Amino acid sequence: MSAEVKRRPKIGLALGSGSARGLAHVGVIRAIEDAGIQIDCIAGTSMGALIGAIHAAGKLDRLETAFLGFDWKKTVSFFDVVLPRSGLLDGAKVSELVRSHMHADGIEALPIAFAAVASDLISGEEVVIRTGDIIEAVRASISVPGIFTPVRRNGQILVDGGLTNPVPASAVRAMGAEFVIAVDLNHQIVNGKNLKPLLPTVSNVVTPAASDPRPRSGWMDIYYQKMQNLKQKLLASDAPGRIQLLRWLAREEPLPSIFEVLLASINIMETSITQTRLYIDQPDIIIQPPLGHIRFLEFGRAEEIIAIGYEHTQQQLAALDPSLLLALSAPR
């Protein structure tokens, strides 16, 4: 009599936030697949929502190829700067990137069950989006407060899911996952590394110092030009706050830029929330690739980031009990 083949558990993947570090999710997914493990459902926060949605649609190869072609010039081209209201960037170009890789309008039509995690500014609650327009869901999940403008949806004002659930293990568990693999990309991003320069400061952009050692070519030239254009809009004679802006630009201020303050604050908050949420909603496996040296917008290092995600995941899976790995790769 043949031995009974055990049914494998329903496997869920929780992909955490992480801006450019989120490209490691591509490597993580590749390593999981190479180990023979099939993912049944995915929940993603911020960049994890973008990568998760594309994978759920079966288009990860195309997205990976697109990001491998990124450099600073391509990255800065996504800076659709708007006059500051509820965010500095409109996010339309990010939506176009997702749309170019999707062939399903509704989340329900995706081959793999998917959820995007956002946060409601009105109620302060976590919002798990499992139905409706997938572009809108991803756009809401990536809306870093102060950077991207929020998304209005069903009477809610939605921003980055990292404010409430940076690594959505609980969300994927609620989708029916019996075994949860969680990917945390933010565990090394504070600890003295939190204020590494993100981009040129606005004062140097507006009036670059002659002694500024940073190269003025490639992406830097593009960024300077975009900031010059924004400066011209803000300094228009009828622009509100013009006098205050002129005074601010004239100061030699040793403090971090607005981008650095916003992102460092969010890093601190998300790191703390992640530790608490993962203690309460413990995944079965937690993958934490060493990415503390990768900055917020370093999408030009895609090959390196993806490789780190792959190699670290491969090592962690290889360290599992062989019987567990066998059970995870069994048919359902």
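For the structure, check the block above.
None of the values given here were measured: they were computed from a predicted structure. Along each chain, the written sequence defines residue order, and numbers are assigned to residues from 1. Selection of residues for local features in this predicted model requires a pLDDT of at least 70, selection of side-chain atom pairs for listing and counting requires 80 or more, and totals for whole chains, interfaces and linings are taken over all residues. Heavy atoms throughout the structure, all of them, feed into the side-chain values; hydrogens and water do not.

Caption draft 1: Here's a closer look at the pattern of salt bridges. We define a salt bridge as a side-chain nitrogen of Lys or Arg found within 4 Å of a carboxyl oxygen belonging to Asp or Glu. Counted by the stated rule, this structure contains ten salt bridges. Among the salt bridges present, the one from E126 reaches R277, with a minimum N-O distance of 3.3 Å. Residue E126 is found in strand β5 (residues 126-129), and its partner R277 is found in helix α11 (residues 258-280); the two are separated by 151 residues along the sequence. Each residue is assigned to one of three classes by its accessible area relative to the maximum for its type, calculated with a 1.4 Å probe on protein chains only: buried under 20%, partly exposed between the two thresholds, exposed over 50%. By relative accessible area, which is 26% here, E126 ends up partly exposed. Assessed through its relative accessible area of 19%, R277 is described here as buried. Here D281 makes a salt bridge to R277, at a shortest N to O gap of 3.2 Å. A relative accessible area of 23% places D281 in the partly exposed class. When salt bridges that share partners are traced, they join R30, E33, D61 and E64 into one network. The helix and strand labels rest on DSSP assignments: H or I over at least four residues marks a helix, E over at least two residues marks a strand, and numbering proceeds from the N terminus.

Caption draft 2: Representation of helix α3 (residues 60-68) in the model. Of the residues making up α3, those classed as buried are L60, L63, E64 and F67. One side of α3 holds all its buried residues, which, seen down the axis, span an arc of 100°. Counted as exposed and oriented over 90 degrees from the buried face of α3: D61 and T65. Arc definition: directions from the helix axis to the C-beta atoms.

Caption draft 3: Up close: the environment of R99. Here R99 is to be found in helix α5 (residues 92-99). R99 sits in the partly exposed class, given a relative accessible area of 47%.

Caption draft 4: Region of the structure containing the environment of E126. For E126 and L158, which are 32 residues apart along the polypeptide, the C-alpha to C-alpha distance reads 9.4 Å. We call two residues in contact when some of their heavy atoms are within 4.5 Å. Here E126 is in contact with V117, A118, T164, N165, S170, A171 and R277, once residues within four sequence places are set aside. Within the structure, E126 has its side chain in polar contact with the side chain of N165 (distance 3.1 Å). Of the polar contacts made by the side chain of E126, one reaches the side chain of R277; its length is 3.3 Å. Any pair of nitrogen or oxygen atoms within 3.5 Å is treated as a polar contact; in protein, a donor-acceptor pairing is required on top of that, and neighbouring residues in sequence qualify only through side-chain atoms on both sides.

Read these as spatial facts, not as claims about activity.
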